[in-house]
Amino acid sequence: MLFRSSDNRWSTAANWNLDLLPGLSDTAYLNLQGGASVWLDNAQSIAALFSSSGNTLTIASGGSLRLAGNSVLNGDLALQNGGSLVVDGPLAVAGAFSWSGGTINPSQSSLGSLSTSGVSSLDNGGLRTITVPWTNQASGTINLNGTGLYAAGGLVNDGRVVMNSHQSSSQGDAYIRIPSGKTFENRGNVDINYTTTYGGWSLVSNSSSQDGIFLNKGTVALNSGNSSWEIAFSNDPAGRISLAPGTFLSVQNRSEEHTSELQSPCNLVCRLLLEKK
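In what follows, the accompanying structure is described. Model, not experiment: these values are computed from the prediction. (Residues numbered from 1 in each chain as written. Predicted model: local features only at pLDDT ≥ 70, side-chain atom pairs only at ≥ 80, totals over all residues. Heavy atoms only, no water.)

**Concerning the overall build of the protein chain**
Inference 1: A tally of regular secondary structure across the protein chain gives zero helices and 33 strands.
Inference 2: Within the protein chain, the fraction of its 277 residues that count as buried is 49%.
Inference 3: Total accessible area on the protein chain is roughly 11,200 Å²; 48% of this is exposed by carbon and sulfur atoms. (Helix = DSSP H or I, 4+ residues; strand = E, 2+ residues; numbered from the N terminus. Buried < 20%, exposed > 50% of the residue type's maximum accessible area, 1.4 Å probe, protein only. Areas by Shrake-Rupley, 256 points an atom, 1.4 Å probe, with all protein chains shown as cover.)

If you want it as structure tokens, here you go:
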């Protein structure tokens with residue numbers, strides 16, 4: 001079913017080409033030639049969703065969108081506080097993804113997945129929860145701006161993850177939480193930027209057993225401040241860890257392999273603490 005702009009609300013039947021709202025057996029298309037900003041603030045379930053560049057979908061407070069099958073968004077996606085996105089099949093987002101609140105797939109039973117290849121921005125503090133596997137493609141960037149990510153389905157990064165924490169004392173940590181039995185596999189680049197005043201932890205497992213895993217096959221750069229990794233940590237031979245002058249990295253491991261390269265331009269003031277448990 002084709003969206004045709006009227007008042008830009010998903011829930012207005014007249015905005016759709018058959019004057020009916022799409023249902024669970026329908027595939028919806030947001031592909032207006034001039035672009036549209038579609039607003040969803042109630043519960044909707046459809047078979048699949050496709051959008052073209054220039055068309056933006058915002059899932060606002062009270063909005064819930066269930067996608068039963070394979071969906072591709074070449075336009076932008078915004079998920080706001082109080083909204084939810086349930087993906088029961090693969091969802092690929094090529095446009096910008098703004099995640100300022102709400103959850104992705106609150107049902108652990110889903111077989112869905114998320115793939116992003118544009119810029120994904122997690123803002124507004126607090127913790128964002130996604131229970132399906134998330135793959136950030138080589139062209140993608142995930143920005144954690146004073147905000148935590150609970151990747152309950154695991155996370156694969158082929159692009160870039162940027163973690164910006166504590167620009168002021170009122171903002172929270174940018175961190176990634178990985179549950180037991182799941183992995184954060186970095187095959188791209190991770191940049192950790194903490195102020196020297198308020199440094200904190202950036203990678204943490206879901207429980208005191210620290211059974212979540214961080215597997216580094218790419219490059220991790222601690223550019224400023226202090227960082228603690230309270231997670232099982234394994235470095236692939238291709239992986240690198242880069243510490244800027246004056247930084248401090250604490251790695252508290254349940255199990256570990258360190259076969260890759262640690263780079264530091266100033267070994268006297270860049271410290272790495274490894275605790276094997």
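**Examining the nonpolar core**
Inference 1: Membership of the largest hydrophobic core comes to 55 residues, with the highest contact counts inside it found for Trp10, Leu49, Leu57, Leu65 and Trp229.
Inference 2: It is strand β23 (residues 189-194) that provides the largest number of residues to this core, a total of three residues. (Core = buried A, V, L, I, M, F, W, Y, C linked by side-chain atoms within 4.5 Å.)

**Focus on the side chain of Asn157**
Inference 1: Relative to the assigned elements, Asn157 resides in strand β19 (residues 155-157).
Inference 2: Classification of Asn157 as buried rests on a relative accessible area of 0%.
Inference 3: Among the polar contacts listed, one links the side chain of Asn157 to the side chain of Asn136, at a separation of 2.9 Å.
Inference 4: Polar side-chain contacts of Asn157 include one of 2.9 Å to the side chain of Asn186. (Polar contact = N/O pair within 3.5 Å; in protein donor to acceptor, adjacent residues only side chain to side chain.)

**Describing the packing of aromatic side chains**
Inference 1: Inspection of the entire model under this criterion finds ten aromatic pairs.
Inference 2: Arranged with centres 5.5 Å apart and planes meeting at 20°, the rings of Phe214 and Phe233 form a pair that is stacked. With Phe214 in strand β25 (residues 213-216) and Phe233 in strand β28 (residues 232-235), the pair connects residues that are 19 residues apart, well separated along the chain. Across this residue pair, the class does not change: Phe214 and Phe233 are buried.
Inference 3: Geometrically, the ring pair formed by Trp229 and Phe233 is edge-to-face, given 5.1 Å between the ring centres and 75° between the ring planes. This pair shows no difference in class: Trp229 is buried, exactly as Phe233 is.
Inference 4: By way of ring pairs, the aromatic residues Phe184, Phe214, Trp229 and Phe233 are connected into one cluster. (Phe/Tyr/Trp six-rings, centres within 6.5 Å; stacked < 30°, edge-to-face > 60°.)

**Side note on the environment of Gly23**
Inference 1: With respect to the helices and strands, Gly23 occurs in the segment before β1 (27-30).
Inference 2: Taking the C-alpha atoms as reference points, Gly23 and Gln44, separated by 21 residues in sequence, lie 7.5 Å from one another.
Inference 3: The contact partners of Gly23, leaving out residues within four places of it in the chain, are Ser45, Ile46 and Ala47. (Contact = heavy atoms within 4.5 Å.)

**Points about the environment of Leu73**
Inference 1: Inspection of the secondary structure assignment puts Leu73 in strand β7 (residues 71-73).
Inference 2: Leu73 sits 19 residues away from Ala92 along the chain, and the two C-alpha atoms are 6.2 Å apart.
Inference 3: For Leu73, the residues in contact, after removing those within four places along its chain, are Leu49, Phe50, Ser51, Leu91, Ala92, Val93, Ala94 and Gly95.

**Overview of the pattern of salt bridges**
Side chains that differ in charge, positive against negative, can pair when their charged atoms come close.
Inference 1: Applying the stated criterion across every chain, the model contains seven salt bridges.
Inference 2: Taking the shortest distance from any N to any O, the salt bridge between Arg187 and Asp158 comes out at 2.6 Å. Placement of Arg187 in the loop between β22 (183-186) and β23 and of Asp158 in the loop between β19 and β20 (160-165) is noted, with a sequence separation of 29 residues between them.
Inference 3: Residue Arg187 is classed as partly exposed on the basis of its relative accessible area, which comes to 40%. (Salt bridge = Lys/Arg side-chain N within 4 Å of Asp/Glu carboxyl O.)

**Topic: unusual backbone geometry**
Inference 1: Its identity as a non-glycine residue notwithstanding, Asn8 has a phi of 70°, on the positive side.
Inference 2: Among the secondary structure elements, Asn8 is positioned in the segment before β1.
Inference 3: With a relative accessible area of 26%, Asn8 lands in the partly exposed category.
Inference 4: The phi torsion at Asn124 lies on the positive side, around 85°, for a residue other than glycine.

**Details of the environment of Ala78**
Inference 1: Structurally, the position occupied by Ala78 is in strand β8 (residues 77-79).
Inference 2: Aside from chain neighbours lying at most four places away, what touches Ala78 is Leu57, Thr58, Ile59 and Ser98.

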